[in-house]
Every structure is written in structure tokens, then in C-alpha cells.
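Chain by chain, the residues run as shown.
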Amino acid sequence: MRSPDVMTIRRASRRPLMTKEVGELLSGRALWTMLLILCPLVGFSFFQAVALYGEASAAARDQPQLATSLSPLDGILVPTFGAFYVAVTLLFPFVAIRALGREKETGALKLLVQLPYPIPTLVAAKLAAVTAAWLVTLIPTASALLLWLSFGGHLNALETSSLLFGHLLYGLLIGAIALFAAAISDNSATAAIVTLALTIGSWVLDFALAGQSGVLGWVSRLSLTQALRTFEQGLLSAALVLGMCVAIAGFVTLAAIWLHPGTSLDKKFARTILCVGIAGALLAIATQLRKSSDVSEDKRNSFPVADQRALAGLNEPLIITVHLAPEDPRYVDLQRNVLSKLERIVPNVTIRLVTIGQSVIRSAGEVSYGEIEYSYGGRSAKSRSTSHREALPLLYGLAGIPAPTPQPGADYPGYPLVADGWIALPWFFVALPLLIAVAWWWWNRRAPHIPAQFAKNGGQL
């Protein structure tokens, strides 16, 4: 017979569960230790970034044309968040693992799964607690950005928000991997090894397959390192965002599958195969999305506005045949300056890399090596330039349209600033660690919170 309290169980409040999960992470030493380590790590990176940015700004005083290359995104945001990225990769797994690993070690998991919450709700609460912990670890980085603003520096809201959003997705992905590792491991140490094997292994994967094309190139894009590069370039890609969300959901689902100790291994393996298959299909769909937005203030990922409008009207198929090896620096320049921008604008474009599987040495002897052939509307033209200044006139000639007139006043002004970064060092090396230590002490010494319904009854259930 069904329990008469079924409806009560289904309507159990999530607030006590969330309070428990967040409280356990904030009470652990891992989070506070990571915060203390982040202070000098982020602080020194910020200090160096301000110093180098100041040197470049000083040079711009004598040569004003250099100011257009001074972007806070490259000079301040990316280096400062780079230190945060390293800490999240190497240290944040230990924080996220605590959300589940401690319960498995003490046996509390067997009691947890008997609470009036379904397994997906339990895992979702743990992921929400991991998100809250990530927001806490952002404090040193956020203080660095506030210091930059106090120096008189400039930050564009759109590109800063995009970079922050990318790091949030990356932190959630690391947290989801850690939860999955904790679910399949017997203790926290094993879970940490599994998580670091995946995160550090992605660095090796990125290094070993850099510049490869075809299947190897697709595998290299699975590296976690690649996930943030697009955001650091000021580009918000729908394919990347969807892919990271699918990966996060996939690892969280796997954690839910392996969480319950009473489920048989056969069922867990069957559900795992189904989950991996669905996630793989969704990732394949995500790679087909071409929608992206250039959120950088200097519009580095886009052609000039007039060219953007003209290229968007090319409705016939555009085929670009490239005779360059993937690891050739010229191909990297061509991809950055021309190909990636055309893929975002032209409705129907196909890029063919003729030298797939060949090296620069093997291909350099060919007569056609280095040529880029553009075919449109039954006509074709060849070039060896990797600059859009020569490629775009060729495209306009093939399409039979005049080159658009550049719009005045659209140049990026740049934001030079010479600031004294030494002021930040006492904050990151003394003041902020001291505040964190005091907050740690206060949190652990405070009286436990008693729910109101229990307090009315004198603390008795």
C-alpha cells in the first residue's frame, strides 16, 4: 500500500536542504584555504598586469597611434582572470568534492538518500551549493577589478560580463566533474585524483593536438583549456555555451545515476551509457551552431561595419580552398583575420583545407602551397595574403559589388593608463587575507541556526 504521507514528501521544502549544503561547504577548510591562496595569486597577477599595461601606455604618449591597441580586456582582465582560472582548475575540485565526498566517507549518504527528496533534487542542491562556493572564491578577483576602476581604469560592461560568464560556466563544469568523481569514488582522495586527471589531462590533450585538423582537431577542441579562449577573445559563441551547458548537465546526471548506494551496478552502467549517448548527440548538435556575437569593445572578431553589411548579403555558396598546413603560422593568421570572421557573417560558406594530415615540410615543396582560392558565383580568384585587406576586395570582385565606403568615427580609441600597482600589494598580501581569516573564524564560532518551528517548541521535535 502507498504511504499516506506521499503528498507531504513530494512537497518537502528545499530551503533546509540548501541551507545544509551551503553551510557544509562554508564550514569546510578547503574553501577558506583556497580563498587565502587566491589572494597573493590573483594579487601578483593583477600587479604585473597593471605594470605592463602602464609601460605600454607610457609608450603611447610618444606615439598616440599605439593607444588603439591598449585594451583592458587583454591587458588587465585576461591576466587577472588567468590566475583565477589556474586556481579553479587545481584547487576548486577539492572544494566541490566536499559537497559529496565527506558524506560518503562518514556513511551519512545512506541517511541522506532517505530524506524526502528525490536524487535529482539532492544533486541539484549540491550543484547550487558549489555555485555559491564559486561566487565566494570570486572575491579576490572582483576586488582586483574594483581596484582597477579606482585607479581610473576602463572596463567595458559587455565584454567583462561575457568573460565572467565564461568563467562561471568553467567553474560549474569543474564542479560537475568533481561531483561525478565523488559519486563514483569511495573517498575524497580518489575523487580528487580522478578530477585532476580529467582537468590536467585536458592540458596535455590541448598541447599534444594543437594545430591538428579533422578528427584530431575536433578532439583537441574538447580540451577544457579551449573553453575559455573564446570568451577571452571577446566572442560569445552559442555552440560553446550550449556545449558547456550540455557537459555540465551530463556530469551532474552521471553523478545522480551513481549517487544512490542501493542501485545495482547493471542499472548504473545502463543508465550511464544512455546518458553519455544523449550528451554526445547534443554535443554534436551544438557543434553545428554558427551563431555568435562579438562582444569585444574594439570589435576584433568582426570586419568593419560597412564590410559586415555587404558580406551579409552574399547569398550564393562561398567556397574557400586553403593550401596551408594546419600548424603553419600563416594558416593561424588567416583563420583569425579572415576565415573565422567570414564564417560568422556569410550565410553559406565552406572552407576546405587541402593539406589535411600533411606537415609544413611535406607541403612546402608544392607549387600551390600557400594559395587561398575563393570561389563564388561560378568565378574564382587566388591570393597568398592572410589579411582581410586583400581578401575582401577579391570577394567583392567575385560577387560583382562595389567595395563599401568605410564609416568614419568607428575606430577603437584605446584606453591608456599609467597607474601605480604597488598600492594593490598590501591589499592582496595583508588586508584581504586578514579579513578572510577573521570571517573564517567568525563563521566557525557563530551559534548554529535553529529553524523557527523548532524554536517555538523549545528545540524539541
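Residues numbered from 1 in each chain as written. Predicted model: local features only at pLDDT ≥ 70, side-chain atom pairs only at ≥ 80, totals over all residues. Heavy atoms only, no water.

1. Some details on the packing of aromatic side chains
- By the definition in use, this model includes 13 aromatic pairs.
- On the numbers, 6.4 Å between centres and 80° between planes, the contact of Phe165 with Phe231 is edge-to-face. Linking Phe165 in helix α9 (residues 157–184) with Phe231 in helix α12 (residues 224–232), this pair joins segments that are 66 residues apart in sequence.
- Given a relative accessible area of 33%, Phe165 falls into the partly exposed group. (Phe/Tyr/Trp six-rings, centres within 6.5 Å; stacked < 30°, edge-to-face > 60°. Helix = DSSP H or I, 4+ residues; strand = E, 2+ residues; numbered from the N terminus. Buried < 20%, exposed > 50% of the residue type's maximum accessible area, 1.4 Å probe, protein only.)

2. Some details on the sheet that holds strand β4 (residues 349–353)
- Taken in spatial order, the four strands of this open sheet run β4-β3-β5-β6, and their pairing is mixed. The open sheet has two free edges, formed respectively by β4 and β6 (379–383), since each of these has just one partner strand. The mean inter-strand angle of the sheet, taken between neighbouring strand axes irrespective of direction, is 15°.
- The pairing of strand β3 (residues 318–322) with strand β5 (residues 372–376) spans five bridges and is classified as antiparallel. From the neighbouring strand, Val322 faces β5, where its bridge partner is Ile372. (Pairing = 2+ DSSP bridges. Axes fitted to C-alpha atoms, helices over the stretch in contact; angles between N-to-C directions.)

3. Considering the nonpolar core
- In terms of nonpolar packing, the biggest core is built from 91 residues, with Phe46, Val88, Phe92, Trp148, Tyr170, Ile248 and Phe428 touching the most fellow members.
- With 14 residues, the top contributor of residues to this core is α9.
- Once you skip the residues sitting within four places of it in the chain, Ile248 turns out to touch Leu127, Leu169, Leu172, Leu173 and Ala176. (Core = buried A, V, L, I, M, F, W, Y, C linked by side-chain atoms within 4.5 Å. Contact = heavy atoms within 4.5 Å.)

4. Some details on the pairing of β5
- Residues of β5 alternate between two faces, with Ile372, Tyr374 and Tyr376 buried on one and Glu373 and Ser375 left unburied on the opposite face.
- As paired strands, β5 and β6 are joined by five bridges and run antiparallel to one another. From the neighbouring strand, Tyr376 faces β6, where its bridge partner is Arg379.
- The turn linking β5 back onto β6 is made up of two residues, and Gly377 within it adopts a positive phi angle of 60°.

5. Observations concerning the pattern of salt bridges
- This structure, assessed with the given rule, holds nine salt bridges.
- A salt bridge links Lys20 to Glu21, with the nearest nitrogen and oxygen atoms 3.0 Å apart.
- Of the residues examined, Glu21 reaches a relative accessible area of 1% and is grouped as buried.
- Residue Lys382 pairs with Glu371 through a salt bridge whose shortest N-O separation is 3.8 Å. Here Glu371 lies in the loop between α17 (360–363) and β5 and Lys382 lies in strand β6, a separation of eleven residues in the sequence.
- Beyond isolated ion pairs, a larger network of salt bridges with shared partners links Lys20, Glu21, Glu24 and Lys126. (Salt bridge = Lys/Arg side-chain N within 4 Å of Asp/Glu carboxyl O.)

6. Here we look at α12
- Looking at α12, one finds that the buried residues are Leu224, Thr225, Ala227, Leu228, Thr230 and Phe231.
- Of the residues flanking the end of α12, it is Gly234, one or two places downstream, whose phi is positive at about 80°.

7. Some points on empty space enclosed by the protein
- Enumeration according to the criterion identifies one cavity of 30 Å³ or more in this entry.
- The space that makes up the largest cavity amounts to roughly 30 Å³.
- Leu100, Val123, Lys126, Ala255 and Leu259 are the residues that line the largest cavity.
- Elements represented by at least two residues in the lining of the largest cavity include exactly α7 (119–137) and α13 (238–259). (1 Å grid on protein atoms, 1.4 Å probe; cavity = no way out; pocket = protein on both sides within 12 Å on 5 of 7 lines; lining within 4 Å. Points joined across faces, edges and corners; volume = space filled by probe spheres on them.)

8. Quick notes on α7
- Here α7 contains 19 residues, and its C-alpha end-to-end distance of 27 Å stays within 8% of the 27 Å for a straight helix at 1.5 Å per residue.
- For α7, the set of buried residues is Ile119, Thr121, Leu122, Val123, Ala125, Lys126, Leu127, Ala129, Val130, Ala133, Trp134 and Thr137. (Expected span 1.5 Å × (residues − 1).)

9. Notes on the confidence of the model for the protein chain
- On average, the protein chain scores 83 in pLDDT, and the residues at 70 or more come to 87%.
- Confidence scores differ between elements of the protein chain, with helix α1 (residues 6–10) showing the lowest mean pLDDT of 45 and helix α8 (residues 139–150) the highest of 95.
- For residues 1–9, every residue scores under 50 in pLDDT, and the model assigns this stretch one contact once sequence neighbours within four places are set aside. (pLDDT = per-residue confidence, 0-100.)

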